[in-house]
Amino acid sequence: VLVGYSGGQEGTMRIVGYVRQAPGRGQSDTAFAQTERIRRWALDTGHDIIAVCQDHHASVAPEDRPGFRALLEIVRSGGTDAVVVDSLAALSPDKVLQEIMIVDIREGGATVIATDPGDLAVLRDADADHTRLVVRDVVAKVAEYRSAFGLSGGTEGTVAPEFDVRVEDDDVRDVVVELIAPTG
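Residues numbered from 1 in each chain as written. Predicted model: local features only at pLDDT ≥ 70, side-chain atom pairs only at ≥ 80, totals over all residues. Heavy atoms only, no water.

Draft legend 1. Representation of the pattern of salt bridges within the structure. In this structure the tally under the stated criterion is 10 salt bridges. Put simply, D81 and R14 hold a salt bridge, and the shortest N to O gap is 3.2 Å. Placement of D81 in the loop between α2 (66–76) and β4 (82–85) and of R14 in strand β2 (residues 14–21) is noted, with a sequence separation of 67 residues between them. On the basis of relative accessible area, R14 is assigned to the partly exposed category, the value being 32%. Across the pair R37 and D86 runs a salt bridge whose closest N-O atoms are separated by 2.8 Å. Of this pair, R37 sits in helix α1 (residues 31–45) while D86 sits in the loop between β4 and α3 (95–107), and the two are 49 residues apart along the sequence. The class for D86 is buried, based on a relative accessible area of 8%. (Salt bridge = Lys/Arg side-chain N within 4 Å of Asp/Glu carboxyl O. Helix = DSSP H or I, 4+ residues; strand = E, 2+ residues; numbered from the N terminus. Buried < 20%, exposed > 50% of the residue type's maximum accessible area, 1.4 Å probe, protein only.)

So this is what it looks like as structure tokens:
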């Protein structure tokens, strides 16, 4: 999943590239072509590529993305300054998922850079795209909520083990849940 390493020089950014070849035989933008554009960008800007994480023929589903998982591990370890993609479509064709992935990368401490000038403008000025603004706001509110209530990033809810949950009403439109302390 990790391809290509080069040494680091002082004063340069350590970057990790991410490429994803979308499913389908008609895909003209191969992982190889994306990697070459990232390498060209790194050469032109004087930054060091420490790794390129790849997902070949990956589905849109996050669980089918071992390259992206590896990328997040590198980012979260503090091993990189930036993640470079050829275009934001490499993350996902869906804007909502793109924004969630961008937030994860940024929260890990890395900057997101796109070699595509149009995507670079999107990364600089998300205020022009209302979908991206809403997603960023929702992700921020979820993080704020989780932090306020001491919740981790997991999505499974729990009930305190010393309580039993009993539903008092059969009408599914208005369900009242009452926490009842166990007897004995």
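We are not done yet, so read on.
Draft legend 2. Expanded view of the packing of aromatic side chains. Summed over all chains, the structure comprises two aromatic pairs. On the numbers, 5.6 Å between centres and 75° between planes, the contact of Y18 with F68 is edge-to-face. Taken together, the residues span a long stretch of sequence, with Y18 in strand β2 and F68 in helix α2 at a distance of 50 residues. Y18 sits in the buried class, given a relative accessible area of 0%. According to the relative accessible area criterion, F68 is buried, its value standing at 7%. (Phe/Tyr/Trp six-rings, centres within 6.5 Å; stacked < 30°, edge-to-face > 60°.)

Draft legend 3. Structural context of the confidence of the model for the protein. Scored by pLDDT, the protein has a mean of 78; 69% of the residues are at 70 or more. At the level of individual helices and strands, the protein shows its lowest average pLDDT in strand β1 (residues 2–3), which scores 34, and its highest in β4, which scores 96. A low-confidence stretch, residues 1–9 stays under pLDDT 50, and its non-local contacts, those more than four residues away or across chains, total 28 contacts. For the stretch residues 155–161, pLDDT sits under 50, and the model shows three contacts to residues farther than four places along the chain or on other chains. (pLDDT = per-residue confidence, 0-100. Contact = heavy atoms within 4.5 Å.)

Draft legend 4. Here's a closer look at a nonpolar patch on the surface. Taken together, the side chains of V134, V138 and V142 present a nonpolar region at the surface, about 240 Å² in accessible area. Among the secondary structure elements, V142 is positioned in helix α5 (residues 130–148). Take V142: its relative accessible area is 39%, and that puts it in the partly exposed class. (Patch = residues over 30% accessible without salt bridge, like charges linked within 9 Å, V, L, I, M, F, W, Y side chains within 5 Å. Areas by Shrake-Rupley, 256 points an atom, 1.4 Å probe, with all protein chains shown as cover.)

Draft legend 5. Region of the structure containing the side chain of Q34. With respect to the helices, strands and loops of the structure, Q34 is situated in helix α1. The class for Q34 is buried, based on a relative accessible area of 3%. When near neighbours in sequence (up to four residues on either side) are disregarded, Q34 contacts V19, R20, Q21, D29, D86 and A90.

Draft legend 6. Main features of the packing of α3 against α5. Following both chains from N to C, one finds α3 and α5 inclined at 50°, their axes separated by 9 Å at the closest point. Relative to α5, α3 is oriented oblique. Two packed elements cross with a definite hand, and for α3 against α5 that hand is right-handed. Of the residues in α5, those touching α3 at K95, V96, Q98, E99, I100, V103 and R106 are T131, R132, V135, R136 and V139. When grouped by side-chain class, the residues that make up the contact of α3 with α5 number five nonpolar, two polar and five charged. (Axes fitted to C-alpha atoms, helices over the stretch in contact; angles between N-to-C directions. Parallel < 35°, antiparallel > 145°, perpendicular 65-115°, else oblique. Left-handed = near helix turned anticlockwise from the far one by under 90°. Nonpolar A, V, L, I, M, F, W, Y, C, P; charged D, E, K, R; others polar.)

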